Amino acid sequence: MDEKVVPAGRTALFEEHRAHLRAVAYRMLGSLAEAEDAVQEAWLRYDRTDTDEVSNLGGWLTTVVSRICLNLLRSRAQRREEPLDAGASGEPRIPDPLLGREGVVDPEQEVLLADSVGLALMVVMESLSPAERVAFVLHDLFAVPFEEIAPLIEKTAAATRQLASRARRRVQGQAPAPDKDLARQREAVDAFFAAARNGDLDALVAVLDPDVVLRSDGGALRARHSVVFAGAATVAGQAVLWGKLSPFARPALVNGTAGAVVIGPNGKPLSVMAFTVVAGAIASIEVLTDPERLNALDLSLFEA
């Protein structure tokens, strides 16, 4: 008869799955802090449960953290509280960005970014219903079978498949897959900042997709905290207005794609900018300017 696992061993078993659980929770919630809370709650439930008979601990823990996230998403939808829900413009908020430096390997970030879930895709996922988001994340991003997802969202496997399909169509329609070549992404982003710095509208329009969308999230304390601009000419006009900030833009990886962190001369962060580059042109730009959320980010990698 096998000896019962001691508490230290149980802790070690959980820690083997922690990074995966954080990745699941982040994709479902779009909040790093809430993802950490969900994983901690999953640990508490694990600690109170006899799992000796559980044959697939990773699957069991994924179900537990998914159920916690689903409840949070449902509560969020019911309360519709700011800033986690749609802003004054009706657009979803910009989720917490994952930041890194090109060429700098962070093992923890690598797990979170294993599927290269760009910020534009995360924004679209904010508009999904709780059940759609859970079905899409678990099936499309983590290959969980519909038969295992169905009981979680209290649907049949067929209905769960339909939810994921509907979510997939919305995501693919509003968040196109970025170019895989990071160098090509960076070339377009650098061209954008150079044109903005020079006030060159023609050069800006040339690097932008005709249907480019720019989303800016300044936080709930600002009157127009969620602002959207669409079309190359309109977005180029906005970029020219921000041109004076271009010299302060520092290259960054934002959710695994080419982006920038803008840090003012006083050392305070002004914005995080994520770009989706498709076929060499910028298809979407997400700009986080919320001071409270910016100050909560670890920007030590970008200090001069």
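Bear in mind that the values here come from a model prediction, so they are computed numbers and not experimental data. (Residues numbered from 1 in each chain as written. Predicted model: local features only at pLDDT ≥ 70, side-chain atom pairs only at ≥ 80, totals over all residues. Heavy atoms only, no water.)

Asks: Can you walk me through the environment of Ala167 in this structure?
Replies: Turning to its location among the elements, Ala167 is positioned in helix H8 (residues 157–174). C-alpha of Ala167 to C-alpha of Arg133: the two residues are 34 residues apart in sequence and 7.1 Å apart in space. Those residues in contact with Ala167 that lie beyond four places of it in its chain are Leu128, Glu132 and Phe136. (Helix = DSSP H or I, 4+ residues; strand = E, 2+ residues; numbered from the N terminus. Contact = heavy atoms within 4.5 Å.)

Asks: How should I be thinking about the packing of aromatic side chains in this particular structure?
Replies: Each aromatic ring pair is specified by the distance between its two centres and by the angle formed by the two planes. Per the counting criterion, the structure on display carries 7 aromatic pairs. Chaining the aromatic ring pairs together yields one cluster made of Phe14, Trp43, Tyr46 and Trp60. (Phe/Tyr/Trp six-rings, centres within 6.5 Å; stacked < 30°, edge-to-face > 60°.)

Asks: Is there a simple way to think about the sheet that holds strand S1 (residues 99–100) in this case?
Replies: Read from one edge to the other, the open sheet built from 7 strands follows the order S1-S4-S5-S6-S7-S2-S3, with strand pairing classed as mixed. Bordering the open sheet on either side are S1 and strand S3 (226–230), each of which pairs with just one other strand. Across 6 bridges, strand S2 (residues 208–217) lies against strand S7 (residues 281–288) in parallel orientation. The partner of Arg215 across the bridge, within S7, is Glu286. (Pairing = 2+ DSSP bridges.)

Asks: Can you help me understand H8 in this one?
Replies: Since the α-helix turns once every 3.6 residues, residues separated by three or four places project in the same direction. Under the 1.5 Å per step criterion, the end-to-end length of H8 is 26 Å for 18 residues, consistent within 8% with the ideal 26 Å. Buried within H8 we find Thr160, Leu163, Ala164, Ala167 and Val171. All buried residues of H8 project into a common sector of 95 degrees when viewed along the axis, lining one side. Among the exposed residues of H8, those pointing more than 90 degrees away from its buried face are Ala158, Gln162, Arg169, Gln172 and Gly173. Contacts from the buried residues of H8 go to helix H5 (119–125), helix H6 (130–141) and helix H7 (146–153). (Expected span 1.5 Å × (residues − 1). Buried < 20%, exposed > 50% of the residue type's maximum accessible area, 1.4 Å probe, protein only. Arc of directions from axis to C-beta.)

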